[in-house]
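Take a look at the letters that make up each chain.
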Amino acid sequence: MDIQVVISTICVMGIMIAIGSFFALKVPVTKEVKYVLILLILNVAVPAVILNGIFSVEMTGETLSLAAMVFGISLVYHIGALGLVYIFAKLFRFKSIFALKMTILGALGNTGFIGIPLAATIFGAPGGFLAAIFDAGLSVTVYTVVIYLLQAEGRFHIRQLKAVINIPVMAIIFGILAAVTGFEPPQMIIQLTTMLAGLAAPMAMLYVGMLLPPLLKKKENVFFPELWFPLSFRLLILPLIVMLIFSLVSFDGWIANLIVLQAAMPTAMVVAVLFSRYTAEEDTAVVAIFGSTLLSLATIPLISYLML
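Thresholds, definitions, all that
Residues numbered from 1 in each chain as written. Predicted model: local features only at pLDDT ≥ 70, side-chain atom pairs only at ≥ 80, totals over all residues. Heavy atoms only, no water. Helix = DSSP H or I, 4+ residues; strand = E, 2+ residues; numbered from the N terminus. Buried < 20%, exposed > 50% of the residue type's maximum accessible area, 1.4 Å probe, protein only. Polar contact = N/O pair within 3.5 Å; in protein donor to acceptor, adjacent residues only side chain to side chain. Contact = heavy atoms within 4.5 Å. Core = buried A, V, L, I, M, F, W, Y, C linked by side-chain atoms within 4.5 Å. 1 Å grid on protein atoms, 1.4 Å probe; cavity = no way out; pocket = protein on both sides within 12 Å on 5 of 7 lines; lining within 4 Å. Points joined across faces, edges and corners; volume = space filled by probe spheres on them. Nonpolar A, V, L, I, M, F, W, Y, C, P; charged D, E, K, R; others polar. Patch = residues over 30% accessible without salt bridge, like charges linked within 9 Å, V, L, I, M, F, W, Y side chains within 5 Å. Areas by Shrake-Rupley, 256 points an atom, 1.4 Å probe, with all protein chains shown as cover. Salt bridge = Lys/Arg side-chain N within 4 Å of Asp/Glu carboxyl O. Arc of directions from axis to C-beta.

Q: Is there a simple way to think about the side chain of T111 in this case?
A: With respect to the helices, strands and loops of the structure, T111 is situated in the loop between α4 (96-107) and α5 (115-123). The class for T111 is buried, based on a relative accessible area of 1%. In this structure the side chain of T111 is engaged in a polar contact, spanning 2.7 Å, whose partner is the side chain of D135. In this structure, T111 is in contact with I116, A131, F134, D135, L138, Q262 and M265, ignoring residues within four places of it in sequence.

Q: For this particular structure, what's the right way to read the environment of M307?
A: Position of M307 relative to the elements: it lies in the segment after α13 (282-306). Considering only alpha carbons, one finds M307 and A178, 129 residues apart in sequence, at a separation of 35 Å.

Q: Is there a simple way to explain the environment of V180 in this structure?
A: Among the structural elements, V180 can be located in helix α7 (residues 167-180). Taking the C-alpha atoms as reference, V180 lies 44 Å from L212; in sequence the two are 32 residues apart. If near-sequence neighbours (up to four positions away) are discounted, V180 is found in contact with M59 and L64.

Q: Would you explain the nonpolar core in this entry?
A: Side chains of a nonpolar character, in soluble globular proteins, are inclined to be buried together. Counting residues in each nonpolar core, the largest one holds 99 residues, and the members touching the most others are I104, L105, L108, F129 and V271. If one sorts the elements of this core by residue count, helix α6 (residues 125-150) sits on top with 13 residues. If near-sequence neighbours (up to four positions away) are discounted, L108 is found in contact with H78, L82, L138, V142, V146, R234, P266, T267, A268 and V271.

Q: I'm lost on the layout of surface pockets in this one. Help?
A: In this structure, the largest pocket spans a volume of roughly 1500 Å³. Contributing to the lining of the largest pocket are 48 residues, with I38, M269, V270, A272 and V273 lying nearest its centre. Going through the elements one at a time, α2 (31-56), α6, α7, α9 (200-217), α12 (270-278) and α13 are the ones with two or more residues in the lining of the largest pocket. Considering every element that reaches the lining of the largest pocket, the biggest residue donor is α2, with 8 residues. In terms of residue class, the lining of the largest pocket is built from 29 nonpolar, 11 polar and 8 charged.

Q: Just to check I follow, could you spell out a nonpolar patch on the surface for this structure?
A: Together, L236, I237, L240, L302, Y305, L306 and L308 line one region of the surface with nonpolar side chains, adding up to about 620 Å² of accessible area. When contributions to the nonpolar patch are tallied by element, the ones reaching two or more residues are α10 (228-248) and α13. Relative to the assigned elements, L236 resides in helix α10. On the accessibility criterion, L236 (32% relative accessible area) is partly exposed.

Q: Is there a simple way to explain α12 in this structure?
A: Because an α-helix completes one turn every 3.6 residues, residues spaced three or four positions apart along the sequence face the same direction. Along α12, the residues that are buried comprise V271, A272, L274 and F275. Burial along α12 is one-sided: seen end-on, the buried residues are contained in an arc of 165°. The exposed set on the far side of α12, more than 90 degrees from its buried face, consists of V273 and R277. The secondary structure elements touched by the buried residues of α12 are α4, α6 and α13.

Here is the structure:
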């Protein structure tokens, strides 16, 4: 992995975040504006990244086996991360409900909203495809284990799985089926997905930047003293543990690097949605998301350097 490419990409991300913040200072960022941006990113740009990756990769039996392996690693990683962070949250004597919230903030990374566009930029179209597979593992974990933990009644409902079937996941399924059956999309479709895929990273970074000014304008102090805990696990401890495990089992190469980088992503955007629905602390999630995203501009190049 070329560290210069990583640093350059992260610097560009930082500039786009700054542009988003400047825009938010000039124009009120309403719920409607944020809603439209999220819809465009998750339902248009990210699926385009996935399809562009699939159309650019020769879908052989080896590629499918690789995708299945990445998906399995993702499930093991996310469930293991939840368990490990929760153990440490209890060791630091956080109260049970607060410990659970810190666990979710520290264990779940933004592997879709930021991870897929970043992987596509650094590793090319195949990287975007495998990053989408890794993110699918996060989605399964979120809409089963995490929601089960957050629900007051502590019961699992089969209807929770409906959220797993979203447009990015449908793009993965459609793309793989098209590749396996030998379907060749028209050149116009390939050109369209390529152009739309280029929107994913800029729009995601602009959106993150737009969150800062409204957050700082709030009169009450939204920052909390335990913020160091989820940020430490999310940005440093978990990716370092993944690196250690990979070194012990001699798993290396660009796919190993991609998975480590996905483990180093900032706190997942979906956590804010979960906290808004199942708790009364949406601001806690927003602070962790934005704080971890800003810090990741420094920690992602650090993790990349350690992988050399």
